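Chains, contacts and geometry: an overview
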Amino acid sequence: MGGLAATAGLTRSSKVSLLVPVFVFTLAMPMQFFLGATRLSPYRLVLVATFVPCFMAWLSGSLGRIRLPDVLLLLAATWGAVILVSMHGVDQGLQSAGIFVIETFGTFLFARRYVRDVFAFQCMVSSSVLMVLFLLPFAIYENVTGSPILLELFGKIFSVYGVAGSELRFGLRRAQGPFEHFILFGVVCSSVFALSFYVFGSGARRGGRLATGFVMMAVFSSLSAGALLSMVVQTMLIVWDKATASVKRRWAILAIAAIAAYFIVDLSSNRSPFTIFISYLTFNADNSYMRVHIWNYGTDSVMRHPIFGIGFGDWERPEWLGGSIDNFWLVTAVRYGIPGLLFIAGGLLSVCLGLGRLRNLSFDATQCRKGLIITLCGLAVSVCTVHLWDAPYVLFIFLLGSGMWMFEPRNWGTTAPSAARTIHSDSPSGVWGGPEGRSHAPGDTPRWRGRATWRTRRVLSPPLDYDESS
């Protein structure tokens, strides 16, 4: 009876989660239109339509306990909205504030409500992988011909993003896909790299590995250092996971090693480690030089406006320095002050560290956790080289919320933990669980596994005076 109950619950979740693939594919639709002065897009329509039901479900407790990431994302949205209204007035600021709340807290709640268990998470990953695989042929065509075909096709009917330029690298045009810039396309594709490796095609591993290879091709088609960095970081963490499967406290060891490396570089160089880091993350030496100046003048702006930031106002810099800041974390601090940065970064850390502390997850839930945390780590590093706005920003927040179901044991895909069916907390691999561990007895495949899983210039961010929420 317990198994039937679990299966029934997963089936109900699968019906509700049909909104998830719809939402995922709307992120790759470049059309936009205006309702009055408000700029809308397909994914914004989904978020606006579901915001109130998701918010009421969250308040009622039907999405589980209110946890630290919920509070931090709510504070981030509220703090940003207050700053935008206070800085730009009710007429302009209220519109931007409303969009910011919808895209930040609304996206997080959407993921909380519609990604509620293992099955729904696998469907979400499958939808994301299929979206990238759908974009891959168009990206290759764009590489070879130099024609941004998706923008051209959608542009025949709708208002779309402008073409980012015709910069060539290695004799190829950088693929822009349906997004506003090349690197945004690459970052979006990289966001499913580890997820495809651990989660996609969990019942058919060869299909999952093949999909991972195609995702890698899509990332490479952007020819963007930041996107490649995300994939490299994820690859390194995957290799570490596989190579240290029998080592206790392996993730703590890796964290200590990273911190030690930071201090060694700091003590042995006359430049800060972060300055060294960003100076090498580019294909172009001139861009590297400019990134260092952007970092220096950007942090100066943060120090002059540490609490409230400057909203969408222009930041102080020399005339020869462009207006864009190619660093999501720095833009957040410049616009919303240090509290705004702490709320967003704290939400990311609370999700990753909270999930890492969980014990006795089922095998499939453990795979989902590995894929999600490694993905978030890769994105957290890569967005040091690019600002996120519009669909890529929404995807980042969506991924944060998509793992919240793991905090509720009833959503792990098993009816009850047992010695034969769970990964124990005293396993050699620590909180991640063993790579070959199983949540069920040998030969005992969960009934739901065979069900439908949806298989069938330098990086430019908009200037700070660009109102991306309007």
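1. Concerning the nonpolar core
One finds Phe121 and Phe398 to be the most contacted residues of the largest nonpolar core, which totals 108 residues. Ranked by the residues each element gives to this core, the list is headed by helix α4 (residues 68-114), at 16 residues. Ile294, Leu321, Ile325 and Val331 belong to the second largest nonpolar core, which has 11 residues in total.

2. Observations regarding the confidence of the model for the protein chain
In this model, the protein chain carries a mean pLDDT of 83, and residues with pLDDT of at least 70 account for 81%. Taken together, the stretch residues 414-470 has pLDDT below 50 and engages in 170 contacts with residues farther than four places along the chain or on a different chain.

3. Observations concerning the pattern of salt bridges
Inspection of every chain in the model, using the stated rule, returns 10 salt bridges. Arginine 67 is paired through a salt bridge with glutamate 408; the nearest N and O atoms lie 3.1 Å apart. Of this pair, arginine 67 sits in the loop between α3 (42-60) and α4 while glutamate 408 is found in the segment after α16 (390-402), placing the two residues 341 residues apart along the sequence. Connected through shared salt-bridge partners, Arg39, Arg44, Glu103 and Asp390 make up one network.

4. Notes on the packing of α3 against α16
Two numbers describe how α3 lies on α16: the axes approach to 10 Å, and their chain directions differ by 45°. For the element pair α3 / α16, the angle class is oblique. Between α3 and α16, the contacting residues are Tyr43, Arg44 and Leu47 on the first element and Asp390, Ala391 and Val394 on the second. Across the contact of α3 with α16, the residue classes break down as 4 nonpolar, no polar and 2 charged.

5. Concerning a nonpolar patch on the surface
On the surface, Ile140, Val144, Leu172, Leu210, Phe214 and Met217 cluster together into a nonpolar patch covering about 510 Å² of accessible area. Listed by contribution, the elements that provide at least two residues to the nonpolar patch are α5 (118-145) and α9 (205-221). Element by element, the count of residues in the nonpolar patch is highest for α9, at 3 residues. On the secondary structure map, methionine 217 appears in helix α9. We classify methionine 217 as partly exposed; its relative accessible area is 40%.

Conventions used here
Residues numbered from 1 in each chain as written. Predicted model: local features only at pLDDT ≥ 70, side-chain atom pairs only at ≥ 80, totals over all residues. Heavy atoms only, no water. Core = buried A, V, L, I, M, F, W, Y, C linked by side-chain atoms within 4.5 Å. Buried < 20%, exposed > 50% of the residue type's maximum accessible area, 1.4 Å probe, protein only. Helix = DSSP H or I, 4+ residues; strand = E, 2+ residues; numbered from the N terminus. pLDDT = per-residue confidence, 0-100. Contact = heavy atoms within 4.5 Å. Salt bridge = Lys/Arg side-chain N within 4 Å of Asp/Glu carboxyl O. Axes fitted to C-alpha atoms, helices over the stretch in contact; angles between N-to-C directions. Parallel < 35°, antiparallel > 145°, perpendicular 65-115°, else oblique. Nonpolar A, V, L, I, M, F, W, Y, C, P; charged D, E, K, R; others polar. Patch = residues over 30% accessible without salt bridge, like charges linked within 9 Å, V, L, I, M, F, W, Y side chains within 5 Å. Areas by Shrake-Rupley, 256 points an atom, 1.4 Å probe, with all protein chains shown as cover.

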